[in-house]
Amino acid sequence: MPVIKALFYSMKKFLITALAVLFVIEFSSCKVRKMDTSDKVNIVCSIFPEYDWARNILGDDDDATTLTLLEKNGVDLHSYIPSSTDLSTVADCNLLFYTGGKSHTWITDILNNSSNTNQTVINLMEVLKDQLKKDGPDATDYDEHLWLSVKNAKIACSYFTETLCQLLPDSADRYKSRLADYMKKLDAMDLSLQGVVQASQNKTLIICDRFPFRYLAEDYGIQYCAPFSNCAGQREPGAEAIDLLSETLVKLNSSAVIVLENSDKKIAKTVIGNAKKPNCDILTMDSMQSVTLRQAFAGVTYISQMQKNLESLQKALK
């Protein structure tokens, strides 16, 4: 099974690289490229958190921009394979707000070969380079899940607004006003998370899944026990990892374990069974990597998902 999974990820990398290379060849060979001829600034955001931050700052009535969510169909950051339309969308937009890191090398490849001179790029991992945390032994590997820190979200929103104001100075006052309103919501969420952790006796989360919450945990001094060090890849934990989780669950007498959105809860059920704690709850925290555009239109927001995460934290850290 590990060999099959390794082969899958190698094939995925090959497909993405092949698509990017083919697009770059086509892009470079065109003497004239069809660009959007409207007066609007075309803004593209790679994943949902960036998209939701942007739409809060732009507002619903902004007629100077168009806003597009690139990864909109519920496939998470690490599994996403871009379409040819995605490649064109990235190449043609005026303002690109993307996460960066190894999951978005295909975007970087397009940008490095782009002849679009009317493009501004915000790479979240570059904006937050001082906050980056290493993700494994490789010195160039960093945890990409920066958006799960509300503190990082505030920095990112301020940077996006500053960039937007430079592109559209006539609308700068409106964007700054909306940023100020949104910052109040982020500040309130930050304080709520801090309060939950400070009020709890147990400061350790038991994660029975992949682990994208390092930035959030370290913001508030939350300890964690997890079977994997990161969120990339679909792997099965070894017996030692299961035993450690079960032993920690018993030792701390925790009332709940944490899984990610869309989890099959298999690891959690095994850990709870081994620990002989049948009444232990399985709580969900949302990494927001696979929020769809449909969900965004239906009312899902960055704040709403962080609120759900806060509620799970409050129960798990009793």
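Our structure is the block above this text.
Here's a quick rundown of the structure. Keep in mind that what you see is a predicted model, and the values were worked out from it rather than measured.

What counts, and at which threshold
- Residues numbered from 1 in each chain as written.
- Predicted model: local features only at pLDDT ≥ 70, side-chain atom pairs only at ≥ 80, totals over all residues.
- Heavy atoms only, no water.
- Helix = DSSP H or I, 4+ residues; strand = E, 2+ residues; numbered from the N terminus.
- Polar contact = N/O pair within 3.5 Å; in protein donor to acceptor, adjacent residues only side chain to side chain.
- Contact = heavy atoms within 4.5 Å.
- Buried < 20%, exposed > 50% of the residue type's maximum accessible area, 1.4 Å probe, protein only.
- Salt bridge = Lys/Arg side-chain N within 4 Å of Asp/Glu carboxyl O.
- Pairing = 2+ DSSP bridges.
- Axes fitted to C-alpha atoms, helices over the stretch in contact; angles between N-to-C directions.

Locating E261 in the fold gives a position in the loop between β7 (256-260) and α10 (266-275). Of the polar contacts made by the side chain of E261, one reaches the side chain of S287; its length is 2.7 Å. Aside from chain neighbours lying at most four places away, what touches E261 is T284, M285, D286, S287, M288, Q289 and S290.

Moving on, we come to helix α2 (residues 48-58). For α2, the buried fraction is high: 10 of the 11 residues fall into the buried class. For α2, the set of buried residues is F48, P49, E50, Y51, D52, W53, A54, R55, I57 and L58. Trailing α2 by a residue or two, G59 shows a phi angle of about 85°, which is positive.

We now examine the pattern of salt bridges. Applying the stated criterion to the full structure yields 10 salt bridges. One salt bridge in this structure joins D61 and R178, with 2.6 Å as the shortest N-O distance. Of this pair, D61 sits in the loop between α2 and β2 (65-69) while R178 sits in helix α7 (residues 172-199), placing them 117 residues apart in sequence. By relative accessible area, D61 is classed as exposed at 54%. Three or more residues joined by partner-sharing salt bridges are found here, namely K151, K154, D187 and D190.

We now examine the sheet that holds strand β1 (residues 41-45). Overall, parallel pairing links the four strands, which are arranged β2-β1-β3-β4 in an open sheet. Each edge of the open sheet carries a strand with a single partner, namely β2 and β4 (120-123). Put simply, the sheet's adjacent strands are angled 15° from each other on average, direction ignored. Where β1 meets β2, five bridges bridge the pair, whose relative direction is parallel. Along β2, the bridge assignment pairs I43 with L67. Across the sheet, α2 lies against β1, β2 and β3 (95-98), angled at about 160° from β2, the strand it touches most. Set on the sheet, helix α4 (residues 105-112) makes contact with β3 and β4; between it and β3 the angle comes to about 155°.

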